[in-house]
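Here is how the chains run, residue by residue.
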Amino acid sequence: MSVRSALPARQSRPRRSRSLALRTPRPQRRFPLPPLSARERSSTPLPASDDRRALRRDLRRRRRTLSQHDQRRASMALIRRLMRLAPLRRARHVALYLPENGEIDPTPLVAWLHRRGKQVYLPVLRPLVENRLWFVHWRFDTRMVLNRFRITEPDLRQSGDRIRRIAPWALDVVLMPLVGFDAQGHRLGMGGGFYDRTFAFASRPDGPRPALIGVAHHCQQVERLPHQPWDVNLDLIVSDRQTLTPATHNA
Ligand SMILES: Nc1nc2c(c(=O)[nH]1)N(C=O)[C@@H](CNc1ccc(C(=O)N[C@@H](CCC(=O)O)C(=O)O)cc1)CN2
Ligand SMILES: Nc1ncnc2c1ncn2[C@@H]1O[C@H](COP(=O)(O)OP(=O)(O)OP(=O)(O)O)[C@@H](O)[C@H]1O
């Protein structure tokens, strides 16, 4: 399926004026990141820190610097790992995302999912409620729009029979885009708390819940991330290099 073909042309963001950029002192970077070689990019852990915003920015920059070739190779390696996972092989309803900003690309999995009769869902920013997601069935005729973060998502304004939402608890597997992760299974997302809020119910011991699988490039692994009380626990983290089962939570 062509993801991008139906998309509206991108508009460039307004640039900050040079004079403003010169007048505003740049904050001291806590994680100076010199340009990395391809090998270094995928193996250097960043230091532990509680400065989530700075870490988020640096990790986002890190994944953005991957070449198209590295991106494609990482995506294929990720897909090969995902296809082996029992929760995904068993699943009927699978949520993934359209990659932005250097995120590892899970969409080559879609053909495999469809061949096995599985239904694929995409996150949509939930209207009127603060930072929560809906999940909408993604079909060949789903009309797409850009949301306020300029991420492509299904258009909620299309006619009722073409828009099919699923309750988050009814999903079998959710592939969650990570900005960072550590070996304990702690995660760093985009900072909106969208996935944390939407899947907060998954921390309760009873009731149905999807398998939450964080996905990222190997170079997004850091030594240690602090656990926040509201962080949803992941069942697995899969990168292009490893499949990680978080041993303990809240450690
Ligand atoms: N591909 C993809 N789709 C996704 C997510 C994601 O992480 N990746 N989301 C996962 O949650 C949701 C969108 N969440 C987002 C949260 C913050 C920003 C963001 O760019 N924040 C800016 C500040 C924006 C502002 O408030 O002006 C920033 O961090 O600089 C983008 C998306 C739903 N769709
Ligand atoms: N279940 C929740 N209920 C209310 N607020 C929440 C909940 N989960 C997270 N938040 C709030 O969302 C904000 C962002 O959280 P955090 O920095 O952990 O985001 P993130 O995990 O990077 O983002 P995401 O969940 O979208 O991937 C925090 O201010 C946090 O208090």
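Residues numbered from 1 in each chain as written. Chains lettered and ligands numbered in written order. Predicted model: local features only at pLDDT ≥ 70, side-chain atom pairs only at ≥ 80, totals over all residues. Heavy atoms only, no water.

As recorded in an unreviewed UniProt entry, the protein chain goes by the name 5-formyltetrahydrofolate cyclo-ligase, listed as coming from Kushneria avicenniae. UniProt, in its Catalytic activity (unreviewed entry) section for the protein chain, records the words "(6S)-5-formyl-5,6,7,8-tetrahydrofolate + ATP = (6R)-5,10-methenyltetrahydrofolate + ADP + phosphate". The UniProt entry for the protein chain carries the following comment under Cofactor (unreviewed entry): "Mg(2+)". (UniProt positions renumbered as here; feature names shortened; annotations may be inferred.)

Moving on, we get to the pairing of strand β10 (residues 211-216). Of all six residues that make up β10, six are buried, and the element is covered over most of its length. Across the two faces of β10 the burial is the same, with A211, I213 and V215 and L212, G214 and A216 all buried. Here five bridges tie strand β7 (residues 173-177) to β10, and the two strands are oriented parallel to one another. Bridging from a neighbouring strand, V174 pairs with L212 of β10. Summarising the sheet, β10 and strand β11 (residues 236-239) pair through four bridges and their orientation is parallel. Directly across from G214, in β11, lies its bridge partner I237. (Buried < 20%, exposed > 50% of the residue type's maximum accessible area, 1.4 Å probe, protein only. Helix = DSSP H or I, 4+ residues; strand = E, 2+ residues; numbered from the N terminus. Pairing = 2+ DSSP bridges.)

Looking now at the sheet that holds β10. An order of β6-β3-β2-β1-β7-β10-β11-β12 is seen for the eight strands of this open sheet, with the pairing classed as mixed. Unpaired on one side and paired on the other, β6 (165-166) and β12 (243-244) mark the two borders of the sheet. Along the sheet, helix α4 (residues 68-83) makes contact with β7, β10, β11 and β12, crossing β11 at roughly 145°. (Contact = heavy atoms within 4.5 Å. Axes fitted to C-alpha atoms, helices over the stretch in contact; angles between N-to-C directions.)

Taken together, 16 residues are adjacent to ligand 2, and R187, G189, F194, D196 and W230 come closest. Measuring from an oxygen atom of ligand 2, one finds a backbone N or O atom of G189 at 2.8 Å. At 3.0 Å, a backbone N or O of G191 approaches an oxygen atom of ligand 2. Look at ligand 2: alone it shows 640 Å² of surface, and the protein chains cover 74% of it. Residue contributions to the shell around ligand 2 peak at four residues, all from helix α7 (residues 194-198). Among the residues forming the shell around ligand 2, the class breakdown is six nonpolar, four polar and six charged. (Near = heavy atom within 4 Å. Polar contact = N/O pair within 3.5 Å; in protein donor to acceptor, adjacent residues only side chain to side chain. Areas by Shrake-Rupley, 256 points an atom, 1.4 Å probe, with all protein chains shown as cover. Nonpolar A, V, L, I, M, F, W, Y, C, P; charged D, E, K, R; others polar.)

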